[in-house]
Amino acid sequence: MGGIRPGHHHGLHRWFTTGNLTAAYLSLAAARPLPRTGNPTTYWTTLVTAGELLAATRPSDCRIKYAVTHCRTQATTRP
């Protein structure tokens with residue numbers, strides 16, 4: 001992914017340790033990777049895969065489906 005903004009790591013750590021994968025995923029889908037330290041295309045395609053797996057376990061949460069669509073769009077429009 002590269003770097004993330006300060007403070008985001010703290011929230012991610014809290015969500016992962018408490019098992020709130022939906023909040024962690026939605027947070028990462030809304031974040032913007034820092035292109036100078038990572039590969040944005042890899043970031044977005046990885047989030048597409050993660051979102052599809054999460055949507056399979058939580059089919060009633062439409063926020064995940066919208067986030068996957070957003071990540072897929074980002075992955076295909078990045079150089």
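Here the structure is shown first, and the text comes after it.
Basis of the calculations
Each chain has its residues counted from 1, running along the sequence as written. Residue-level local features of this predicted model are given only where pLDDT is at least 70; pairs of side-chain atoms are given and counted only at 80 or more, and the full residue set underlies all totals for whole chains, interfaces and linings. Where side-chain values are given, they derive from all heavy atoms of the structure, hydrogens and water being excluded. Comment: elements are numbered from the N terminus, with helices defined as DSSP H or I runs of at least four residues and strands as E runs of at least two. We call two residues in contact whenever any of their non-hydrogen atoms come within 4.5 Å of each other. In short, Shrake-Rupley with a 1.4 Å probe defines the accessible areas, and a residue's cover is counted only from the protein chains shown. Put simply, buried Ala, Val, Leu, Ile, Met, Phe, Trp, Tyr and Cys residues joined by side-chain atoms within 4.5 Å make one nonpolar core. Each residue gets one of three labels from its accessible area relative to the maximum for its type: buried under 20%, exposed over 50%, partly exposed in between, using a 1.4 Å probe on protein chains only. Each reported salt bridge corresponds to a side-chain nitrogen of Lys or Arg within 4 Å of a carboxyl oxygen of Asp or Glu.

(A) Structural detail: the overall build of the protein. The helix and strand inventory of the protein stands at four helices and zero strands. Its helices and strands taken in sequence order, the protein reads α-α-α-α from the N to the C terminus. Overall size of the protein, expressed as C-alpha extent along the three principal axes, is 35 × 30 × 15 Å. When contacts within the protein are restricted to residue pairs at least 6 apart in sequence, long-range pairs at least 24 apart make up 59% of them. Accessible area of the protein: about 5000 Å², with a carbon and sulfur share of 61%.

(B) Quick peek at the nonpolar core. Counting residues in each nonpolar core, the largest one holds 18 residues, and the members touching the most others are Tyr25, Tyr43, Trp44, Leu47, Ile64 and Cys71. The set of elements that each furnish at least two residues to this core consists of helix H2 (21-30), helix H3 (40-57) and helix H4 (62-77). A total of six residues in this core trace back to one element, the largest contributor, which is H3. Here cysteine 71 is in contact with Tyr25, Ala29, Trp44, Leu47 and Val48, once residues within four sequence places are set aside.

(C) Summary view of the environment of valine 68. Relative to the helices and strands, valine 68 is located in helix H4. Looking at valine 68, the relative accessible area reads 6%, which means it is buried. Here the alpha-carbon distance between valine 68 and glutamate 52, two residues 16 residues apart in the chain, equals 7.0 Å.

(D) Local environment of the pattern of salt bridges. Here the structure, examined in full by the defined rule, presents two salt bridges. Between arginine 72 and glutamate 52 there is a salt bridge, and its shortest N-O distance comes to 2.5 Å. Residue arginine 72 is found in helix H4, and its partner glutamate 52 is found in helix H3; the two are separated by 20 residues along the sequence. Among the residues examined, arginine 72 registers a relative accessible area of 37% and is labelled partly exposed. We classify glutamate 52 as partly exposed; its relative accessible area is 40%. For aspartate 61, the salt bridge identified is with arginine 63, shortest N-O distance 2.9 Å. Looking at arginine 63, the relative accessible area reads 46%, which means it is partly exposed.

(E) H2, seen in detail. Taking burial as the measure, the ten residues of H2 include eight buried ones, the bulk of the element. Taken as a whole, H2 has its buried residues at Thr22, Ala23, Ala24, Tyr25, Leu26, Ser27, Leu28 and Ala29. Summarising the contacts, the buried residues of H2 are in contact with helix H1 (8-18), H3 and H4.

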